[in-house]
Amino acid sequence: MKIPLNDAEVEYISEFFSKNEADRIQSALLEELSWHQGDVYVFGRWHKTPRLQAWHGEKELVYRYSGKSLTAEPWSPTLNEIRNRLMEYGFKPNAVLANQYRNGSDKMGWHSDDEPELGVNPIILSLSFGAQRDFDFRHKKTKETYRIPLEHGSLLIMKGSTQRFWQHQLPARKRENATRINLTFRSIFS
Ligand SMILES: O=C(O)CCC(=O)C(=O)O
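This structure is a prediction, so every number in the text was calculated from the model and none was measured. (Residues numbered from 1 in each chain as written. Predicted model: local features only at pLDDT ≥ 70, side-chain atom pairs only at ≥ 80, totals over all residues. Heavy atoms only, no water.)

Caption draft 1: Main features of the pattern of salt bridges. For the coordinates displayed, the defined rule picks out eleven salt bridges. In this structure, Asp23 engages Lys19 in a salt bridge whose closest nitrogen and oxygen atoms are separated by 2.7 Å. Taken together, the residues span about one helical turn, with Asp23 and Lys19 both in helix α1 (residues 19–32) at a distance of four residues. With a relative accessible area of 28%, Asp23 lands in the partly exposed category. A salt bridge links Lys48 to Asp39, with the shortest nitrogen-to-oxygen separation between them at 3.2 Å. (Salt bridge = Lys/Arg side-chain N within 4 Å of Asp/Glu carboxyl O. Helix = DSSP H or I, 4+ residues; strand = E, 2+ residues; numbered from the N terminus. Buried < 20%, exposed > 50% of the residue type's maximum accessible area, 1.4 Å probe, protein only.)

So this is what it looks like as structure tokens:
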């Protein structure tokens, strides 16, 4: 399904993985990835990120994110399996940023995936597992917004000029107790 945003190319596939596949992948990712709580620099101070994260990919790829450099851990078996599945569709990501939202208090603020090492018009492949959470877009100039709930086993593809014109966020949902995992596969040019 194409998402109707101006100045953007966004597509949403709700059952990219079946429920059984998505359940298995979610459990495996919780075990396999090197989850840690990162730090972000906001308004002149370091804060703990309100989520856990992991950075995996091709050997020793370095990703600069919120003023920090992360060196990629190797692909885990399940990340390899997912990457192979994405490659069947013609994508060739070389790294993945994984986010674990332990419950509805964990969140991610407004930003664009527009770091220079992602190149012009990056393709971001965003997979969701576990608790369904709202994902918001906001146009940088018009301030127009668009909300889409991201389902267990879904794939959201952001490409073209999406990151240039739009920001996105994952707001807190205090009544949600379940965990959600998000994987954003990307291509880093170093
Ligand atoms: O968890 C999500 O769906 C959003 C992740 C995200 O915005 C990012 O990794 O840049």
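Next comes the rest of the write-up.
Caption draft 2: Highlighting the nonpolar core. Within the largest apolar cluster, 25 residues are counted, with the highest numbers of intra-cluster contacts made by Val10, Trp55, Phe135, Phe137 and Leu156. Elements with a contribution of two residues or more to this core: β1 (9–13), β7 (95–101), β10 (133–139), β11 (145–150), β12 (154–159) and β13 (166–170). Considering each element in turn, this core owes the most residues, three residues, to β7. The residues touching Val10, leaving out its near neighbours within four places in the chain, are Met1, Lys2, Ile3, Leu5, Phe137, Leu156, Ile157, Met158 and Thr162. With 24 residues, the next largest nonpolar core counts Phe16, Leu29, Leu125 and Leu127 among its residues. (Core = buried A, V, L, I, M, F, W, Y, C linked by side-chain atoms within 4.5 Å. Contact = heavy atoms within 4.5 Å.)

Caption draft 3: Structural view of the packing of aromatic side chains. Summed over all chains, the structure comprises eight aromatic pairs. A ring pair is formed by Tyr41 and Trp46, whose centres lie 5.0 Å apart and whose planes are at 55 degrees; its orientation type is tilted. Plain terms: the ring middles of Phe135 and Phe137 are 5.2 Å apart, the flat faces sit at 85 degrees to each other, and that makes the pair edge-to-face. For the pair shown, Phe135 and Phe137 are each scored as buried. Put simply, the rings of Phe16, Phe17, Tyr89 and Phe129 touch in pairs and so form one group of aromatic residues. A cation sits over an aromatic face here: Arg138 above Trp110, 4.2 Å from the ring centre. (Phe/Tyr/Trp six-rings, centres within 6.5 Å; stacked < 30°, edge-to-face > 60°. Lys NZ or Arg CZ within 6 Å of the ring centre and 35° of its normal.)

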